Each structure stands twice: as structure tokens, then as C-alpha cells.
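This is what each chain is made of:
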Protein chains: 2
Amino acid sequence: MNLKEYIKDRCAIIDTALDRFLPPEDELPASLHSAMRYSIFAGGKRIRPVLLLAACDAVGGDHEAAMPAACAMEMIHTYSLIHDDLPAMDDDDFRRGRPTNHKVYGEAVAILAGDALLTEAFVLLSNPEYLKIDAAKMLAVIREIAFCAGSHGMVGGQVVDMESEGKSDIDLATVQYIHTHKTGALMKAAVKAGAILGGASDEELAALTRYGEAIGLAFQIADDILDIEGTTEEIGKDAGSDQARGKATYPAVIGLTSAKSRATELVEMALTSLEMFNNNADPLREIARYIVARKS
Amino acid sequence: MNLKEYIKDRCAIIDTALDRFLPPEDELPASLHSAMRYSIFAGGKRIRPVLLLAACDAVGGDHEAAMPAACAMEMIHTYSLIHDDLPAMDDDDFRRGRPTNHKVYGEAVAILAGDALLTEAFVLLSNPEYLKIDAAKMLAVIREIAFCAGSHGMVGGQVVDMESEGKSDIDLATVQYIHTHKTGALMKAAVKAGAILGGASDEELAALTRYGEAIGLAFQIADDILDIEGTTEEIGKDAGSDQARGKATYPAVIGLTSAKSRATELVEMALTSLEMFNNNADPLREIARYIVARKS
């Protein structure tokens, strides 16, 4: 399979769905809905929704059941980027070459656009119109996503990441906590949600959970490596910015070579966890390989 | 019945439940969990959870089924206060006489504590351990709460409120939009959620929805009036601050006397909507009367 083509196709479908699920720009309050859409359609790679749909495919599920959750994942991811970019947090003026949300809409609307995107994710996840599975299982999907997005997941990772910035004595356990929570949790949630929505058996769900955990961590280690080896043009932000900020990264703690081996090892683990699946899981396999091979 | 005693009793039960449902302060990341708890236990009146439980009582429901949702409402309300107080928003240093969240924990942690409280509400609402009603009905509760908290509810109201500040030509429709969305939506959601969790019939739910809408608006109009007539000591913030900020309020648009009549009228409407209920709905009746009679 051609992963590039696959991702391109999926992104188009996801973008159409996001446009359908988000409040229209001319609906009151227009500035808020415009700000929400600005960051959603800012050229994201849609990795979480693609993963969610691919996990659904792996167990032979139906996209129609999974698409609202796929879009909810992207809304949560986007809210986290809007808040991360705020002056009180990373204070970034640009993301993927475009002005960040607060640079365009002001800090107050940016904070509220983030809040609204996070909330809208749960409006979407609980919409009875889109419910194609058992309601109790849908509650499990909501809980998985909320748990992985909250203080024991993404937000928790962000706090520890911030608190570790500039400290010279960060250990591997702390970096691993940051990576598995800040980035890994939501990727794992995407894979698990896709599996449940696709009708996974307990055994399939357990295997896909292992896959999700492995690629979530691999993705962030690969990001750390890209920050060192990528060019500013390739990665769309200043190369070397992690080091300049004193960020807790794998290469900083265990060295670049060990970080690379760890990423490769995790991809191998991810592939091994997919052994029970047929070629419906090929997209997941390709995504795992792509995560460490990508240049942006 | 003695409403003061009733509310005091309920607040004690709600506080115990909040303490149980929130992540412990010594759990990682400690600063985040500490910040979440700081604002939750900052002397709030617990109006939304009290309303939720009272609506559950009105239909003869069981508190055990309703308590997680009651606490989720307070988490959402508290997150909105933390974000409202931020320098980029209302820039308030004190709330109820205590330093605001960002004054104690810094802006970054305050933003994230708000995010985490909002997310934790959905972790709680989707917890299978606390599920005492049909899962499809629980999804309806989640949807009601999320919808009323998001861009078509509380967050939407907050945006229009901000955008109207200092404008001299605000009309009644805009003030009504702000009040019914910024404050009213979450109070209506509390009443509806309590009714559904308590096992309300369609007819009961419709009546309680009318009640929730009426008291939600009455509450905010009463707040506007208090800002003019209350003392700084009574209301716990600077009296007259709405006017000083050029806030869109009922008294500013229709005058103090008309605003008072409107509040009284809404309380009458709320009481009328409860006619089909027996004395199990007395707490809801007393709360409606209290909303316009209160001094803080």
C-alpha cells in the first residue's frame, strides 16, 4: 500500500466530516466559531483521526460509526495546541507557518476557542444521531478519550513538561512520563476508541492498546530527534528549539543514538502486537513505520 | 422547609463527593491537582449541583445516580471561573475574598487546571462504576451538559459578553442572549440532568426544562441587580463593577425597576411550571424564590 495516498484520502474524508460537525462560521458567536475553525483547518496532519479510523479498519469495523470520534480526537488535539501556544504557555506566534490562534483572534477568544473545541468533542461523542454501537460501549469510548485527555493524560503531561523546562537534572522516568502522557495518551486513546467503535474483541483491543502505547511514545521520541536533525523548513518550526528551551527530551537524557534505537525498538513492538491481524491492519503497520521515518 | 439548612446539608454532601471524585493532591502532577482543588474548594455556593439533586428529588429519583453529574456540573462551573478570571479575560485578582487561581499557581497552571476540570467532568460522567441508569440516557445527560457548556451555551455567552463590554448600544436581545447562555445554560442543564438521572417522564422533563430556563435567567438578572444594590461586603466583589466595566446588564438596558419586575415574573413562571409536582419539588420552589431574594 501507498501510505501517502492513503493518508491523503483519509485526510480529505476527515476534513469534510470536521466541516460538517463544527458549528458554521456564520452562527453566533461568529468570532468564536471562526477561531475554532481557523485552528482546525490549519494544515494539521490528522494523525489521531487517521489512527482511529485505521484501528477501526483493522478489526473490520465501519467508518460511519467511527467518524464522529475521529473528529472529536482532532478537536481535542487542536484545543491543546491553541492553549499550548498562548503567551502564558509556550508563547508561540506561528504554527505550521501560520499565525497562532491568539495572534489572530486575541488571547481571550483563543482561550475560549480551545475550551469550546474540547467541549464540542463531547457534544459530538454523545450525539445519539451518530450512535452506531451499544450505548454502554460508547460510554467506554468517551471515558477512554476523556481520561487520556485530562489530568492523568495529556494535560498532566503538559504540566510536567512545563515544570521540567530548563531543569538540568531530568531523569528518564520523567521524560517517559511527559512523552507517554502529553502525546502518547491521546494517540493510545485514538487507537483504542477506533478498536471499540469497530467492534474489537477483548483480545483485539488488548493487542491494539499495546500498539497504541508503543507508537505514541515512538512518535514523541521521533519528534525529539527531528528537532535536532530536521531543518526548520522541514519541521515547520525552529530546528533545535527544544534544546534552546531546555526541554526534557529523550536525546537530552539518553543521547541521540540511544533515542534512535529506542524509537526503532518501539516500532518493532508495535508491529509485533499486530501479528494476530490480517492485512486490514496494514495501514496501522505502515503508520508505525512512517512515525520514525518521517521528516516532518 | 428551611432552605438555608437544606442547602447547608446538601453542600456538605456535595463537598464530600467532590473530594472523593477529584484526583488526590499528592497524585502526579501535584501542582495541577492542587490547583484544581484550590478553586473547587474556594467557598462556592454549589447552586448547580444543589439544583441537579433537587430536580432529581422532584421526580422521586435516587441521589446515588445523580451525584457524579452534580459534581461534574461544579467542575465545569469552576473551570469557567478560573478561565474568566485570567488576565486575558476579566483579569480578577480575587474571587470570594481569596486570590484567584492564576495569582496562586501562575497563568499556565491556571489555564491547564481549568482544562483538566472540564475534562474530568466527562471522565466522571462516563464512569461505568457510577452508572445507575440506562446507558443511552446517560449519553443524553452527557450531551445536554456538553451542549450547554460549549459554544452554543456557556462559552458562547462568555464571548458575546466580552464583545459587548463597553459598547453603548447593546439591545435587550443581546443581553438576553448573554444571560441565557453564559449563566442560564448550565443551570438549565443541571435541572435537566437531575431530572433525567432521577427517571423523569417526558412530561416531567418538559416542565423542569421550563423551570430551569426561567430560574437561569432570573438568577443572572438578580446578579445584575445585586451588583447595583448590594454592598461590596455582601456580594464578595466590588459593588458597581458591572457599570464600571460597561457590562451588558438588564438594569442598564431596561432600567432597574423593569429588571426587578422581570426577575419576579420569571420566578412566578418557574413556580407555575412546577404545579404538577408534589412536595418533593419544594426545594426547587424555595430555590426559585431565594434566587431573587438573596443578598449575595
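Here the structure is a predicted model, which means the values were calculated and not measured.

Colleague: With reference to specific residues and values, describe the interface of chain B and chain A.
Modeller: At the junction of the two partners, chain B supplies 49 residues and chain A supplies 49 residues. When chain B packs against chain A, the two sides together hide about 4,000 Å² of surface, and 74% of this comes from carbon and sulfur. Among the residues chain B hides against chain A, the three largest losses belong to Leu112(B), Leu139(B) and Arg143(B). Together they make up 15% of the total. At the junction of chain B with chain A, the criterion picks out zero salt bridges. There are twelve residue pairs in polar contact (both at pLDDT 80 or more) connecting chain B and chain A. Taken together, the elements giving at least two residues each to the side of chain B that touches chain A come down to α2 (30-40), α4 (63-85), α6 (107-125), α7 (135-149) and α8 (154-164) of chain B. In terms of residue count, α6(B) provides more of the side of chain B that touches chain A than any other element does, twelve residues in total. Among the residues making up the side of chain B that touches chain A, the classes are represented as 32 nonpolar, eleven polar and six charged.

Colleague: Describe in detail the packing of helix α1 (residues 3-21) of chain B against helix α3 (residues 47-58) of chain B, supporting the description with residues and values.
Modeller: Residues and elements named next belong to chain B. Orientation of α1 relative to α3, taken along the N-to-C sense of each, is 105 degrees, at an axis distance of 10 Å. Between α1 and α3, the interaxial angle falls into the category roughly perpendicular. Contact residues: Tyr6, Arg10 and Ile14 in α1; Pro49, Val50, Leu53, Ala54 and Asp57 in α3. For the contact of α1 with α3, a count of residues per class yields six nonpolar, no polar and two charged.

Colleague: Can you break down the relation of the copies chain B and chain A residue by residue, with the values?
Modeller: Between chain B and chain A, the superposition needs a rotation of 180 degrees and an axial shift of 0.0 Å, giving an RMSD of 0.0 Å. The operation mapping one copy onto its partner corresponds to a two-fold rotation axis. Proximity to the rotation axis, assessed at the C-alpha, singles out Ala135(B) in chain B; its C-alpha lies 2.7 Å from the axis. Looking at chain B, 100% of its interface residues are interface residues in chain A too, so the copies touch through the same face.

Colleague: Can you break down empty space enclosed by the protein residue by residue, with the values?
Modeller: Within this structure, the stated rule accounts for five cavities of 30 Å³ or more. Looking at the largest cavity, its volume works out to about 140 Å³. Taken together, 17 residues form the lining of the largest cavity, with Ser39(B), Ala42(B), Asp85(B), Arg95(B) and Arg96(B) sitting closest to its centre. Going through the elements one at a time, α2, α4 and β2 (98-99) of chain B are the ones with two or more residues in the lining of the largest cavity. Residue contributions to the lining of the largest cavity peak at five residues, all from α4(B). In this structure, the second largest cavity encloses a volume near 120 Å³. Along its surface, the second largest cavity is lined by 13 residues, and Ser39(A), Ala42(A), Asp85(A), Arg95(A) and Asn101(A) are the ones closest to its centre. Looking at the lining of the second largest cavity residue by residue, the classes come out as five nonpolar, four polar and four charged.

Colleague: Lay out the side chain of Glu74(A) with the relevant residues and their values.
Modeller: All names here are of chain A. Tracing the sequence through the fold places glutamate 74 in helix α4 (residues 63-85). The exposure class of glutamate 74 is buried, given its relative accessible area of 2%. A polar contact is formed between the side chain of glutamate 74 and the side chain of arginine 46, at a distance of 2.9 Å. Once you skip the residues sitting within four places of it in the chain, glutamate 74 turns out to touch Leu18, Ile40, Arg46 and Pro49.

Colleague: A description of helix α14 (residues 256-273) of chain B should follow, citing residues and the corresponding values.
Modeller: Since the α-helix advances by 3.6 residues per turn, residues separated by three or four positions end up pointing in the same direction. Residue and element names in this part refer to chain B. With 18 residues, α14 should cover 26 Å at 1.5 Å per step; its first-to-last C-alpha distance of 26 Å lies within 8% of that length. If you check which residues of α14 are buried, you get Ala259, Ala263, Leu266, Val267, Ala270, Leu271 and Ser273. Angularly, the buried residues of α14 cover 165 degrees about the axis, an arc narrow enough to put them on a single face. Elements that come into contact with the buried residues of α14 comprise α10 (202-229), α13 (250-254) and α15 (282-293).

Conventions and cut-offs
- In every chain, residue numbers begin from 1 and rise along the written sequence.
- Going through the entries in the order they are written, you letter the chains from A and number the ligands from 1.
- Per-residue local features are limited, in this predicted model, to residues with pLDDT of at least 70; the limit for side-chain atom pairs, both in listing and counting, is 80 or more; totals at the level of whole chains, interfaces and linings are taken over all residues.
- Only hydrogens and water are set aside when side-chain values are computed; all heavy atoms of the structure are taken into account.
- Throughout, a residue-residue contact means that at least one pair of heavy atoms, one from each residue, lies within 4.5 Å.
- Accessible surface is computed with a 1.4 Å probe, and the buried area is the amount of it that two parts give up when combined, taken over both parts together.
- Salt-bridge detection follows one rule: a side-chain nitrogen of Lys or Arg within 4 Å of a carboxyl oxygen of Asp or Glu.
- Polar contact is defined as a pair of N or O atoms within 3.5 Å, subject to the rule that within protein one atom must be able to donate a hydrogen and the other to accept it, and that residues adjacent in sequence are counted only when both atoms are side-chain atoms.
- Each helix corresponds to a stretch of at least 4 residues labelled H or I by DSSP, and each strand to a stretch of at least 2 residues labelled E; elements are numbered beginning at the N terminus.
- All amino acids are sorted into three groups, where Ala, Val, Leu, Ile, Met, Phe, Trp, Tyr, Cys and Pro are nonpolar, Asp, Glu, Lys and Arg are charged, and the leftover types, Gly among them, are polar.
- Fitted lines through C-alpha atoms serve as axes, helices being fitted only where they are in contact, and the angles separating the N-to-C directions of these axes extend from 0 to 180 degrees.
- Roughly parallel refers to an angle under 35 degrees, roughly antiparallel to one over 145, roughly perpendicular to one between 65 and 115, and oblique to any angle outside these ranges.
- Each copy is superposed on the other by least squares, with the fit set by C-alpha atoms of residues at a pLDDT of at least 70 in both.
- Definitions used throughout: a 1 Å grid over protein atoms alone; a cavity as a set of points that fits a 1.4 Å probe which cannot get out; a pocket as an open set with protein on both sides within 12 Å along at least five of seven lines; a lining residue as one with an atom within 4 Å of a point.
- Grid points are joined across faces, edges and corners, and a volume is the space filled by probe spheres set on the points.
- Categorising residues by exposure relies on relative accessible area from a 1.4 Å probe, with only protein chains included: less than 20% of the type maximum marks a residue as buried, more than 50% marks it as exposed, and the intermediate range marks it as partly exposed.
- Each residue after the first adds 1.5 Å to the expected span of a helix.
- As used here, the arc belongs to the directions running from the helix axis to the C-beta atoms.

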